Amino acid sequence: MKSVIVVGAGIWGTSLALRLAETGWQVTLVEQHKPGHVRQSSAGETRLLRCSHGSDDWYARLAWQAREGWLRLSERAGEELYIEAGMVWFARTPDGWEHASAQVLKNLDIGCEVLDPSDGGRFFPEFRGDDLSFLLWEPSAGVLRARRATQVTAALAKDAGVRLVRGRATPVPGDGTRYRSAVEIDGETHHADRVVWACGAWLPRLFDGLPITVTKQDTLHFAVPSAWSLPETPAWVDHGASAYGHGDVDGTGMKATSDAEGPPYEPEHGSRAVDPDSVEQARGYLRRRFPGLADAPVLFSQVCQYALTPDAEWLLTEISPGVWVLGGDSGHGFKHGPAWAGYVAGVLDGAYEPEPRFGDHPRTPSRGLRTSGQTW
Ligand SMILES: Cc1cc2nc3c(=O)[nH]c(=O)nc-3n(C[C@H](O)[C@H](O)[C@H](O)COP(=O)(O)OP(=O)(O)OC[C@H]3O[C@@H](n4cnc5c(N)ncnc54)[C@H](O)[C@@H]3O)c2cc1C
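Here's what I pulled together on the structure shown here. (Residues numbered from 1 in each chain as written. Predicted model: local features only at pLDDT ≥ 70, side-chain atom pairs only at ≥ 80, totals over all residues. Heavy atoms only, no water.)

**Considerations on the nonpolar core**
Formally: For our purposes a nonpolar core is just a set of buried Ala, Val, Leu, Ile, Met, Phe, Trp, Tyr and Cys residues, chained together by side-chain atoms within 4.5 Å. The buried label goes to any residue with under 20% of its type's maximum accessible area, the exposed label to any with over 50%, and the partly exposed label to all in between, with areas taken from a 1.4 Å probe on protein chains only. Residues count as neighbours in contact if any of their non-hydrogen atoms are within 4.5 Å of one another.
Ranked by size, the top nonpolar core spans 46 residues in total, and within it L16, V27, W70, L316, L326 and W340 carry the most contacts. Beyond its immediate stretch of four places on either side in the chain, W340 contacts W12, W58, L62, W314, L316, L326 and F358.

See the structure below:
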């Protein structure tokens, strides 16, 4: 039986552990805290799922497969991990990112509809769209209950035979290779056929020279009247303004927040208090788009971190024989969890080589895959 140690029980590590255990691998999953702990990126209360990725169709296909994965996982878990409330994209120009997205979705037969800004009232109790060129409605998009989904995936992995070990793993230097296919925890060395370091924002501390920058991201949810709840009020993204959000889920309030990169951040000890400027930014956006919510009080906030690569493409690279780094999610990796795990499992099985886009090579800065067209 092939063996693997996966380090990191965020959504990427837990999804991979589950997938490998279900396809015949002996899996150990190592986590320094607990699956769903609040420092990990996967512990955001909610995450958006969308197939639109501008002109890129690789991630659009992956997101569509992942959507099916989330629906299946919800059925297995007996709870709604994915709320398919749809998403409205606010397009500022007729031929920009949203136009390219619509073309790709149409080519892939993924439902979408181009609407006039005056149709905004169909989706929001109050809407100002006089600065917009059109709306792109993506009905199969929606919102994941992210933290819960991470815990559920970890529990399913355990049921599938994954051994969950609590501890902080460190790489083991090799003889003649950079690293051995092993990890060290509390002075003890554990070997496996493969080791996968799925450590999110902690990766740059573990391995020198990775093309990953870690930034602090403040997330805000506002107290709103009940009409602003999911699924009636769907998810929304203003790519040109790097702003996104969704209607209230489970009483946590309406999310309205920025996808623009925050300041450099250290995920283990960095402050988890949101910056007052982030509140003002979000409020400024609400004032412009949903004016009646401009004075809504902050109900809930979270600090999270992005592990950004310059081009927002992920990193899946073998740094020594059998030793893989899986990271650089760039703030858009959650939704893909189940489908991405299937892809990575194929690479570990030797069924195919990873796409060159995931390699550790010089990268050209681009934000095209993120929901961040510019800063506020
Ligand atoms: C504010 C914000 C909004 C986002 N919005 C979206 C969205 O709408 N849609 C979307 O698809 N994605 C979104 N993302 C991105 C998404 O959350 C991430 O892509 C995803 O959670 C990454 O998961 P991960 O498993 O790689 O990392 P993490 O969830 O951070 O997990 C890494 C784990 O590794 C563990 N670890 C690290 N080092 C060690 C060690 N040495 N030993 C043991 N354990 C270790 C950590 O404790 C941690 O639990 C957003 C991210 C943020 C911050």
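**A word on the environment of L48**
Condition: Each helix corresponds to a stretch of at least 4 residues labelled H or I by DSSP, and each strand to a stretch of at least 2 residues labelled E; elements are numbered beginning at the N terminus.
Relative to the helices and strands, L48 resides in strand β3 (residues 46–49). As a C-alpha pair, L48 and R166 span 118 residues in sequence and 29 Å in three-dimensional space. Aside from chain neighbours lying at most four places away, what touches L48 is M87, G142, V143, A235, V237, Y244, G245, H246 and K335.

**Overview of the pattern of salt bridges**
Rules: The salt bridge definition used is simple: a Lys or Arg side-chain nitrogen within 4 Å of an Asp or Glu carboxyl oxygen.
Overall, the coordinates contain 21 salt bridges when judged by the stated rule. Here D131 and R289 are joined by a salt bridge, their closest N and O atoms 2.7 Å apart. Of this pair, D131 sits in the loop between β6 (113–115) and β7 (134–138) while R289 sits in helix α6 (residues 276–289), and the two are 158 residues apart along the sequence. The exposure class assigned to D131 is partly exposed, which follows from its relative accessible area of 30%.

**So, the side chain of Q32**
The condition is simple: Think of a polar contact as two N or O atoms within 3.5 Å of one another; within protein, one of them needs to be a possible hydrogen donor and the other a possible acceptor, and neighboring residues in sequence only count if both atoms come from side chains.
Along the chain, the position of Q32 falls in the loop between β2 (26–31) and β3. One polar contact links Q32 to R168, side chain to side chain, over a distance of 2.7 Å. Discounting chain neighbours no more than four positions away, the residues touching Q32 are R166, G167, R168, W202 and E268.

**Looking at the sheet that holds strand β15 (residues 235–238)**
The line we're drawing: Note on pairing: DSSP must find at least two bridges between two strands before they are called paired. To get an axis, a line is fitted to the C-alpha atoms, and for a helix only the part in contact is used. The angle between two axes follows their N-to-C directions and goes from 0 to 180 degrees.
Within the open sheet, the eight strands sit side by side as β6-β7-β5-β15-β16-β17-β14-β18. Their pairing is mixed. The open sheet has two edge strands with one neighbour each: β6 and β18 (298–308). Adjacent strand axes in the sheet meet at a mean angle of 20°, parallel and antiparallel pairs treated alike. Bridging between strand β14 (residues 213–222) and strand β17 (residues 254–258) involves two bridges; their strand directions are antiparallel. The residue of β17 that forms the bridge with F222 is M254. In this fold helix α3 (residues 97–107) packs onto β5 (87–91), β6 and β7, with an angle of close to 35° to the strand it touches most, β7.

**Quick word on the side chain of H239**
Within the fold, H239 resides in the loop between β15 and β16 (243–246). A distance of 3.2 Å separates a polar atom in the side chain of H239 from the backbone oxygen of R370.

**Thoughts on the sheet that holds strand β13 (residues 194–197)**
Strand order across the open sheet formed by six strands is β9-β2-β1-β13-β20-β19, with mixed pairing between neighbours. On the outer flanks of this sheet lie β9 (163–166) and β19 (315–320), each paired with one strand and no other. Averaged over neighbouring strand pairs, the angle between their axes works out to 20° when direction is ignored. Pairing geometry for β2 and β9, over four bridges, is parallel. When the bridges of β9 are listed, E31 appears paired with R166. Along the sheet, helix α1 (residues 11–22) contacts β1 (3–7), β2, β13 and β20 (323–327); its crossing angle with β2, the most-contacted strand, is approximately 165°.

**A short note on the site of the ligand**
Cut-off, in case you're wondering: Nearness is defined per residue: one heavy atom within 4 Å of the molecule or strand is enough. Only the protein chains shown count as cover for residues, and the accessible areas themselves come from Shrake-Rupley with a 1.4 Å probe. Asp, Glu, Lys and Arg are counted as charged, while Ala, Val, Leu, Ile, Met, Phe, Trp, Tyr, Cys and Pro are counted as nonpolar; the rest, among them Gly, fall into the polar class.
Close to the ligand lie 34 residues; E31, Q40, S42, C304 and D329 are nearest. The contact in question runs from an oxygen atom of the ligand to an N or O atom on the backbone of G333, over 3.0 Å. Between an oxygen atom of the ligand and a side-chain N or O atom of K335, the distance comes to 2.8 Å. Calculation on the ligand without its partners gives an accessible area of 1,000 Å², and the protein chains cover 98% of this total. Breaking the shell around the ligand down by element, the ones donating at least two residues are α1, β2, β3, β14 and β18. Considering every element that reaches the shell around the ligand, the biggest residue donor is β18, with three residues. When grouped by side-chain class, the residues that make up the shell around the ligand number 13 nonpolar, 16 polar and five charged.

**Details of the pairing of β20**
Two faces make up the sheet, and in a regular strand the side chains alternate between them. Counted residue by residue, β20 has five buried out of five residues, so it is predominantly covered. Burial of β20 is two-sided: the residues V323, V325 and G327 facing one way and the residues W324 and L326 facing the other way are all buried. In the sheet, β13 pairs with β20 via three bridges, with the strands oriented parallel. When the sheet's bridge partners are listed, W197 is paired in β20 with V325. Sheet topology note: the β19/β20 ladder contains five bridges and is antiparallel. Within the sheet, the bridge partner assigned to T317 lies in β20 and is V325.

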